[in-house]
Amino acid sequence: MASAAKRAVPTTKSFQAEKIVDFSPERLKAPFTLRCAALSVDYIILLIFPVGWLALGKILGEGGSVVIGATIWVIGLLFFLANFLVLPLFRGQTLGKMLTGLTILNVDGTNLSIGTVLLRNTVGYLATVLTLGIGFLISAVNNSGRSLHDFIAGTVVVHGNKKQVERES
């Protein structure tokens, strides 16, 4: 009976900062192929509305050329912003990373802040694009698995789950 009382979980939550234990970016680094798969999914999501609209217009047989209206571009832009800014801020993942089991974290293992997400997914991605993709390929050849946008923002993409550790009494 006494051992059961020791294992009981208290019903009140303490609002302490999360303590990161045994975090090693090199050990948990995301495989390059999974990062490519996540990027492919995100790219498909980016193009699904304009391409889908064009395909739907052709299928339904509208005569002449099919034009992508402003509404479709706005919807596509909103999904793009949600996928690349809002989801990483709250979950540390884009839709592509969710499907592949990857998570974006700070190099110390903590969750991302809004400044980090903005830096990584705007300035960092712009730098990666300006290097014609070489900034992304860096993750395939270095030990940490980090791309140029990860180095710029101080982030790492990992393939793994957090484990809850027992508190010392």
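The structure contained in this document is the topic of the report that follows. (Residues numbered from 1 in each chain as written. Predicted model: local features only at pLDDT ≥ 70, side-chain atom pairs only at ≥ 80, totals over all residues. Heavy atoms only, no water.)

Structural notes on the packing of helix α4 (residues 70–91) against helix α6 (residues 114–130)
For the pair α4 and α6, interaxial distance at closest approach is 9 Å and the crossing angle is 145°. Considering how the two elements wind past one another, α4 and α6 form a crossing that is right-handed. Residue-level inspection shows F84, L85, P88 and L89 of α4 in contact with α6, the latter providing I114, V117, L118, N121 and Y125. The class makeup of the residues in the contact of α4 with α6 is eight nonpolar, one polar and no charged. (Axes fitted to C-alpha atoms, helices over the stretch in contact; angles between N-to-C directions. Helix = DSSP H or I, 4+ residues; strand = E, 2+ residues; numbered from the N terminus. Left-handed = near helix turned anticlockwise from the far one by under 90°. Contact = heavy atoms within 4.5 Å. Nonpolar A, V, L, I, M, F, W, Y, C, P; charged D, E, K, R; others polar.)

Overview of the pattern of salt bridges
According to the stated counting rule, one finds two salt bridges in the structure shown. Taking the shortest distance from any N to any O, the salt bridge between R35 and D150 comes out at 2.9 Å. Of the two residues, R35 is situated in helix α3 (residues 32–59) and D150 in helix α8 (residues 148–153); the sequence distance between them amounts to 115 residues. Assessed through its relative accessible area of 4%, R35 is described here as buried. Close ionic contact of D150 with R120 constitutes a salt bridge, the shortest N to O distance being 2.9 Å. One end of the pair, D150, is in helix α8; the other, R120, is in helix α6, and 30 residues separate them in sequence. The residues D150 and R120 share a single accessibility class, namely buried. (Salt bridge = Lys/Arg side-chain N within 4 Å of Asp/Glu carboxyl O. Buried < 20%, exposed > 50% of the residue type's maximum accessible area, 1.4 Å probe, protein only.)

Regarding the nonpolar core
One finds A30, A38, L102, I104, L112, V117 and V157 forming the largest nonpolar core, which totals seven residues. When neighbours within four sequence positions are excluded, A38 is seen to be in contact with G96, K97, T100 and L102. (Core = buried A, V, L, I, M, F, W, Y, C linked by side-chain atoms within 4.5 Å.)

A word on the packing of aromatic side chains
What characterises a pair of aromatic rings is the spacing of the ring centres plus the angle enclosed by the ring planes. Evaluation of the coordinates by the stated rule reveals four aromatic pairs. Arranged with centres 6.0 Å apart and planes meeting at 85°, the rings of F84 and Y125 form a pair that is edge-to-face. Linking F84 in helix α4 with Y125 in helix α6, this pair joins segments that are 41 residues apart in sequence. Each member of the aromatic cluster is reached from another via a ring pair, and the members are F80, F84 and Y125. (Phe/Tyr/Trp six-rings, centres within 6.5 Å; stacked < 30°, edge-to-face > 60°.)

With respect to the environment of T131
Within the fold, T131 resides in the loop between α6 and α7 (134–141). Side-chain polar atoms of T131 contact the backbone nitrogen of G135, separated by 3.0 Å. (Polar contact = N/O pair within 3.5 Å; in protein donor to acceptor, adjacent residues only side chain to side chain.)

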